[in-house]
Number of protein chains: 2
Amino acid sequence: MRKHQLHIVWTAASLVLLLSCSTQAEEGGFPFVLPKEKPNRPLSAAVERNYTAYMAARPEDNELYSQFKYTELKGLDYNNRDGTITRRDPSKVIKANEKYYVWYTHRHTDTPPIRTDVTVEKVPSRDWDLAEIWYATSKDGFTWEEQGVAIPRPAKPGLGSRAVATTDILKWKGRYYLYYQAFPDDGDGRVNDCVVTVSHADSPDGQWTPTNAIVIPNGAKGEWDHLTIHDPNPMVYRGKIYLYYKADFDGVPPTARMAGLATADNPLGPFQKHPLNPVLSSGHETSLFPFQEGIAALVIRDGNEHFTVQYARDGVNFEIASITELMPISAGPYVPDAFTNTKCGRGITWGICHVNHASLAKGVQNSILLRFDCDLSLDVHDPQMKKHRYLYKPEFYLQHRLSPAQRKRIIEATTIREEKP
Amino acid sequence: MRKHQLHIVWTAASLVLLLSCSTQAEEGGFPFVLPKEKPNRPLSAAVERNYTAYMAARPEDNELYSQFKYTELKGLDYNNRDGTITRRDPSKVIKANEKYYVWYTHRHTDTPPIRTDVTVEKVPSRDWDLAEIWYATSKDGFTWEEQGVAIPRPAKPGLGSRAVATTDILKWKGRYYLYYQAFPDDGDGRVNDCVVTVSHADSPDGQWTPTNAIVIPNGAKGEWDHLTIHDPNPMVYRGKIYLYYKADFDGVPPTARMAGLATADNPLGPFQKHPLNPVLSSGHETSLFPFQEGIAALVIRDGNEHFTVQYARDGVNFEIASITELMPISAGPYVPDAFTNTKCGRGITWGICHVNHASLAKGVQNSILLRFDCDLSLDVHDPQMKKHRYLYKPEFYLQHRLSPAQRKRIIEATTIREEKP
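Residues numbered from 1 in each chain as written. Chains lettered and ligands numbered in written order. Predicted model: local features only at pLDDT ≥ 70, side-chain atom pairs only at ≥ 80, totals over all residues. Heavy atoms only, no water.

**Student:** Which residues make up the packing of aromatic side chains, and what values do they have?
**Tutor:** Two descriptors summarise a pair of aromatic rings, namely the distance from one centre to the other and the angle between the planes of the rings. Residues and elements named next belong to chain A. Counted under the stated rule, the structure contains 45 aromatic pairs over all chains. Judged by centre distance (6.4 Å) and plane angle (50 degrees), the ring pair of Y242 and Y244 falls under tilted. A residue is classified by how much of its surface remains accessible, and Y242, at 9% relative accessible area, is buried. Accessibility expressed as a relative area gives 2% for Y244, which makes it buried. Note on F396 and Y397: the rings are 6.3 Å apart at their centroids and 70 degrees apart in plane angle, and the pair reads as edge-to-face. The residues F396 and Y397 share a single accessibility class, namely buried. (Phe/Tyr/Trp six-rings, centres within 6.5 Å; stacked < 30°, edge-to-face > 60°. Buried < 20%, exposed > 50% of the residue type's maximum accessible area, 1.4 Å probe, protein only.)

In structure tokens:
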């Protein structure tokens, strides 16, 4: 018995010693070679997060980090960018019939937009006013052939008699569905309000059959999405149609913009809004795509979490996956697995976006389409896309200058005056 | 007894009803007017975080969110930016003797830097090679008078006989301390390695007494900071000297850069490194300043959390406070309360930074100083600084283009070829 007890004591002592050595081994300074996995040592909040919040300890290895590169599209004319022709808000790019397809808001008016809050016949009050949905096809994604109108403005009382705009594509059981914003021609002056409707066809070349039905109903009065449902973004996920959308709300102080989710078993609905909506607190013209087991989002422009790529393992609860810069506006990525009900989304490498301060005439609203490339794909590894930051000349910084009012305030507040004796 | 029991049942029932009503009141859609405080309802992860991770639900109200504006400094010449004169890595700006003071790395050489890994007499191998620490003063922060050298390169064996650079200022008990990087003139070819030393004076105009001592020792071999201690950044916090610094480590794949903390009771040390180092996982030439009860940091350029402003309530455990763009490089902010041992740091509104791709000659390294303005202050409310994003023309996007190699790879991988019959 005594021998046995002694043995236990010795074993325990060895264990303590072993544990203490093992702890000590980790208790020097943080290692010189950056560990790929979280080291077993006390960490500051930032370094802990560097291992728990991101896919890799370095942006270079983070599959959801990328810079973005831009290329002009060949084949699309803009009338010398005088504001009379706009193309904007591209859909996802899809591949069909041995071609790439993209749909977009197309406006060709006699005059550029004249910003008013009333609707005037033939005079656009916004860049997307009086627009139709057109489409183009391409073999390489750089040179595009415009094919003309896909969804024209219908005669009253068809939905969208004033403008149809900001479309996105869904393929479901061999049929194609274009969801889009439909602006009424009712002259009530609220030119921003619209509903979302859907047209469908058995080929991406049409003919498109309008449903003339509101497919995502606005929220009840007092709810965040009661005035606008914008930027419909459909895909197939978990066997259902997941349709993300944006709403503009509040407004005093500035508009709040967040994104919600509605799901359905059928492309024509009924769509059920998710009880945790909004699912993204930030972003404007957010793009989403299946990624690994969840959904990734390009969260651009607005809100506390602008300039991020986010990821939700469940399609609902998004976390910041990376922080980046110069993200594509209103990106319509090529998402090969958007409609395959994939359980491991592969990500994206290119798409079409717009730039909406494109007019060469001052004060005129006009948007053009550009191509963007990136590496947010599990299948591509492009170190040039994973650089940490763009470098700029002083002249670029100096373009971001104080306004005269700011400069006056600052000089008054901070200049050291001679003290009078 | 029965009556009493009944009463309890009724009370319980009322309570259930009351709770259920109170829950129901929150169970419609998310409200149209963005709540300032977190609403009592189930929230998605992103909206939950919008209330718990940031100082406000909107960037407009987030005291640690700002854009940055840039202004050219008057009074400093750069020889037509031919690369022979560089000013970079400014210190914090301080106010003394009814003037603003800033110290910086100053190089004036016969030739621009010629990038080599050996030291050649009189030929700079990097932008900061053969540099001294100079200073300038100003009444308004826009026009500066260069006052000449503060810390010259000492003769051997003085620390920094090859270059002294990247300084920051501390005021402690009426005396001034300049911490800076000291590069040896030992011709061993490792031009990036240096130590941090300190000189002190009873006036910001000098004379500066070198201690000729290494003030923050490098880590032991195998630790993250064993090769470099860069960017010393001292301030007074919790009654001590808090000195943040950066180390470059690893290197294959690219250099990892993180920031650590060393504290001391005396400006000449000994400095104790924090056991949780590194305290920032990201950033390069990070600037820090007291903010509220803690410390805020401008985390720029490198790492998963580049382009953020971070905040640590305890000066150690930093969290992302905002995400922004076009942050000042190597910012030396004017921090009025950097040395006051404040318990409520007021933040910053301006400072000096550098741009280090300033040369007008191609391939030549050259940095110039700029002024930056922002609103990261509890005392200023400038809505123009709180806008969500800068807007750019298509030409700016198109400057960020695919390399020829990228374009070739992408066209090969994504062009749809005619299928051979």
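Once you've had a look at it, read on.
**Student:** With reference to specific residues and values, describe the environment of A:V215.
**Tutor:** All names here are of chain A. By secondary structure assignment, the location of V215 is in the loop between β10 (209–210) and β11 (230–237). Separated by 152 residues in sequence, V215 and E63 have C-alpha atoms that sit 34 Å apart. Leaving out residues up to four positions away in the same chain, V215 has contacts with Y179, V196, T197, V198, P267, L268 and F271. (Helix = DSSP H or I, 4+ residues; strand = E, 2+ residues; numbered from the N terminus. Contact = heavy atoms within 4.5 Å.)

**Student:** Residues and numbers for the relation of the copies chain B and chain A, please.
**Tutor:** Each copy of the sequence occupies a distinct position, and chain B is placed on chain A by a rotation of 180 degrees and an axial shift of 0.0 Å, giving an RMSD of 0.0 Å. Such a combination of turn and shift is consistent with a two-fold rotation axis. Rotation axis and chain B: the residue whose C-alpha lies nearest the axis is B:E325, separated from it by 3.5 Å. Interface overlap between copies: 100% of the residues of chain B at the interface are likewise at the interface in chain A, consistent with a symmetric, same-surface contact. (Least-squares fit on C-alpha atoms with pLDDT ≥ 70 in both.)

**Student:** Could you give me a rundown of the layout of surface pockets, with the residues and numbers involved?
**Tutor:** In this structure, the largest pocket occupies an estimated 1,600 Å³ of space. For the largest pocket, the lining is made up of 50 residues, of which A:R389, B:R257, B:H284, B:R301 and B:D302 are closest to its centre. Where the lining of the largest pocket is concerned, the elements lending two or more residues are β8 (175–183), β11 (230–237), β12 (240–250) and β13 (255–264) of chain B. With four residues, the top contributor of residues to the lining of the largest pocket is β12(B). Counted by class, the lining of the largest pocket contains 10 nonpolar, 18 polar and 22 charged residues. (1 Å grid on protein atoms, 1.4 Å probe; cavity = no way out; pocket = protein on both sides within 12 Å on 5 of 7 lines; lining within 4 Å. Points joined across faces, edges and corners; volume = space filled by probe spheres on them. Nonpolar A, V, L, I, M, F, W, Y, C, P; charged D, E, K, R; others polar.)

**Student:** Quick rundown of empty space enclosed by the protein? Include the residues and the values.
**Tutor:** Following the criterion strictly, the structure yields nine cavities of 30 Å³ or more and no others. Reported here for the largest cavity is a volume of approximately 440 Å³. Taken together, 29 residues make up the lining of the largest cavity; nearest its centre are A:E325, A:L326, A:Y392, B:E325 and B:L326. Broken down by secondary-structure element, the contributors of at least two residues to the lining of the largest cavity are α3 (394–398) of chain A together with α3 (394–398) of chain B. Broken down by class, the residue content of the lining of the largest cavity amounts to 21 nonpolar, two polar and six charged.

**Student:** Any details on the interface of chain B and chain A? Residues and values, ideally.
**Tutor:** Counting residues at the interface gives 117 residues for chain B and 117 residues for chain A. Taking both partners together, chain B and chain A bury about 10,100 Å²; carbon and sulfur atoms supply 56% of that area. A per-residue breakdown of the area chain B buries against chain A is headed by B:F32, B:N304 and B:I416, which together make up 9% of the total. Taken together, chain B and chain A are joined by 12 salt bridges. Taking the shortest distance from any N to any O, the salt bridge between A:R389 and B:D302 comes out at 2.4 Å. Inspection of the region where chain B meets chain A yields 63 residue pairs in polar contact (both at pLDDT 80 or more). If you tally residues by element for the side of chain B that touches chain A, the top one is helix α4 (residues 404–414) of chain B, at six residues. Across the side of chain B that touches chain A, the residue classes tally to 57 nonpolar, 28 polar and 32 charged. (Buried area = accessible area lost by both parts, 1.4 Å probe. Salt bridge = Lys/Arg side-chain N within 4 Å of Asp/Glu carboxyl O. Polar contact = N/O pair within 3.5 Å; in protein donor to acceptor, adjacent residues only side chain to side chain.)

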